[in-house]
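A structural walkthrough
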Amino acid sequence: PHTGRLALYLLGLRATCPPPHPHRSLVTWLKYYLEEDWTGSRRHGHPLTSYYQYGLGVLALCVHHKRVREEVIQRLLTAQNHGKLGHGGNAVDTEAVLALAFTCLEQRKLVGTELAAELRAATQRASRSIAEAQGPDGIIGNIYSTPWALQVFLATGTCQTEPEFSQAMAALLENLEAFGTAATMAQVLPVLHGRSYLDIVSMHCQEEPDTLTPLDMEPLPEMPGNKTVQLVVECPLPWCYELRLYDRPVLVPAAASLLDVLQVAAALEPHDFKFHTQDTPQGPFLTQVLGLEARQEKRNYWQLLTSPDTPLQMGIADYKPQDGETLILRLSEW
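Quick caveat: nothing in here was measured; it's all calculated off a predicted structure. (Residues numbered from 1 in each chain as written. Predicted model: local features only at pLDDT ≥ 70, side-chain atom pairs only at ≥ 80, totals over all residues. Heavy atoms only, no water.)

A few words on the sheet that holds strand S3 (residues 275-280). Ordered in space as S3-S4-S5, the 3 strands form an open sheet in which the pairing is antiparallel. Two strands lie at the open edges of the sheet, namely S3 and strand S5 (292-293), each paired on one side alone. As defined by bridge partners, strand S4 (residues 283-289) adjoins S5 across 2 bridges and the pair is classed as antiparallel. Bridging across to S5, Val 289 finds its partner in Leu 292. Across the face of the sheet, helix H11 (residues 258-267) comes into contact with S3 and S4 while running at roughly 145° to S3. (Pairing = 2+ DSSP bridges. Helix = DSSP H or I, 4+ residues; strand = E, 2+ residues; numbered from the N terminus. Contact = heavy atoms within 4.5 Å. Axes fitted to C-alpha atoms, helices over the stretch in contact; angles between N-to-C directions.)

Here it is as structure tokens:
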């Protein structure tokens, strides 16, 4: 099911002040996807996509002032109560999306009094969990989950009382170059204006001037020369008996991203390096390396690190390694 992609599209559509009711069929499709998505729980114990995408679907329906069945809301509450929302930055993303969805349902009075109280308590729990995930650098989870966390602070009105807000905002401003795709820009732009996705609910579209004009963007200058990146693949127990499966220097152009490094490595003789990616709204996501596939039902994923043990804060298409840097692809558990 295209739950998350359609939810993001509907949120964006609402923000552009569309003419009345051109999206009614899309909302119907989103309701259908939410039910299709949940069929995965019978086999895997979670939606076919993820609780992140499922929460996005509920948020998008609420922003469009559509009621959501109580059973659908209870699925998210149960997942939060049982700690099923993910790992690291992914958990922050999901906690934040759920908190925004719960706050929207409560504020728009789309649920009864008793359920509204449950949602309020769940939002408070999520806010505390998000605040606890903040690192000493101000980043909450990872750089991409930080805008989601800030949106929760803004939507719940706690931004003036939480020191985490100012620290996270400072970290965000220092790392704006990380937000290079439409989906990541959409997460960070409301925060830079002191807003959250919930604010598009109350937009007065007739007051929005049509001032959007295209910009003539000059291409970035090419960086001359080459760089060498040491590419390492690690697979610890219980998945592999040998920890280090691949360790080789890769010569690439100076402006190459991590994705470029992987592509060049795959073309080297002998062709013993292979990888696969999955397209997501945030860019390509690494799913398979050397024939080893990361699967949600196995609770593992390909973690990206720079040596010796520092997790990357960007995706494979956005991160540009330095000359002489060692990059590690490690199959990890969440």
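Next comes the rest of the write-up.
What follows is about helix H2 (residues 24-38). Helix length check: H2 (15 residues) gives 22 Å between terminal C-alpha atoms against 21 Å at 1.5 Å per residue, within 8%. Taken together, the buried positions of H2 are Val 27, Leu 30, Tyr 33, Leu 34, Asp 37 and Trp 38. Buried residues of H2, viewed axially, fall in a sector of 125°; they line one side. Facing away from the buried side of H2 by more than 90 degrees, the exposed set consists of Arg 24 and Thr 28. (Expected span 1.5 Å × (residues − 1). Buried < 20%, exposed > 50% of the residue type's maximum accessible area, 1.4 Å probe, protein only. Arc of directions from axis to C-beta.)

Moving on, we get to a nonpolar patch on the surface. On the surface, Leu 173, Leu 176, Met 185, Leu 189 and Leu 192 cluster together to form a nonpolar patch covering roughly 410 Å² of accessible area. At 3 residues, helix H10 (residues 182-192) tops the list of elements feeding residues into the nonpolar patch. Inspection of the secondary structure assignment puts Met 185 in helix H10. With relative accessibility at 37%, the residue Met 185 sits in the partly exposed group. (Patch = residues over 30% accessible without salt bridge, like charges linked within 9 Å, V, L, I, M, F, W, Y side chains within 5 Å. Areas by Shrake-Rupley, 256 points an atom, 1.4 Å probe, with all protein chains shown as cover. Salt bridge = Lys/Arg side-chain N within 4 Å of Asp/Glu carboxyl O.)

Another aspect to go through is the state of the cysteines. With the rule as written, the count across this model stands at 2 disulfides. Note that Cys 62 is cross-linked by a disulfide to Cys 104, the S-S spacing being 2.0 Å. Between Cys 62 and Cys 104 the sulfur-sulfur dihedral comes to about -100°; the bridge is accordingly left-handed. Of this pair, Cys 62 sits in helix H4 (residues 51-63) while Cys 104 sits in helix H6 (residues 88-107), placing them 42 residues apart in sequence. You can call Cys 62 buried: its relative accessible area is 0%. (Disulfide = S-S within 2.5 Å.)

To continue, consider the packing of aromatic side chains. Applying the stated criterion across every chain yields a total of 11 aromatic pairs. With a centroid separation of 5.1 Å and 50° between ring planes, the pair formed by Tyr 246 and Phe 273 is classed as tilted. Remark: Phe 273 occurs in the loop between H11 and S3 and Tyr 246 occurs in strand S2 (residues 244-253); sequence separation between them is 27 residues. Here Tyr 246 matches Phe 273 in class, with each residue buried. In this structure an aromatic cluster arises from ring pairing among Trp 29, Tyr 32 and Tyr 33. (Phe/Tyr/Trp six-rings, centres within 6.5 Å; stacked < 30°, edge-to-face > 60°.)

As judged from the 6 bridges shared by S3 and S4, these two strands associate in the antiparallel manner. Note that in S4 the partner of Thr 280 across the bridge is Gly 283. A loop of 2 residues connects S4 with S5, the two strands running antiparallel in sequence, and Leu 290 in this loop sits at a positive phi of about 50°.

What follows is about the nonpolar core. Counting 99 residues, the largest nonpolar core has Leu 59, Ile 73, Leu 105, Phe 273 and Leu 329 as its most contacted members. Taken domain by domain, this core gets at least three of its residues from each of domain 1 (2-201) and domain 2 (226-333). (Core = buried A, V, L, I, M, F, W, Y, C linked by side-chain atoms within 4.5 Å. Domains from an automatic or database assignment.)

Further remarks concern helix H7 (residues 113-132). Between its first and last C-alpha atoms H7 spans 29 Å; for 20 residues at 1.5 Å apiece the expected length is 28 Å, and the two agree. All buried positions along H7 are accounted for by Leu 115, Ala 116, Leu 119, Ala 122, Thr 123, Ala 126, Ser 127, Ile 130 and Ala 131.

This part covers the side chain of Asn 300. Looking at where Asn 300 falls in the secondary structure, it is placed in strand S6 (residues 300-306). Asn 300 gets classed as buried once you look at its relative accessible area, which sits at 4%. Not counting chain neighbours up to four residues away, the residues in contact with Asn 300 comprise Trp 239, Glu 293, Ala 294, Arg 295, Leu 331, Ser 332, Glu 333 and Trp 334.

Function-wise, these values are silent; they only describe arrangement.
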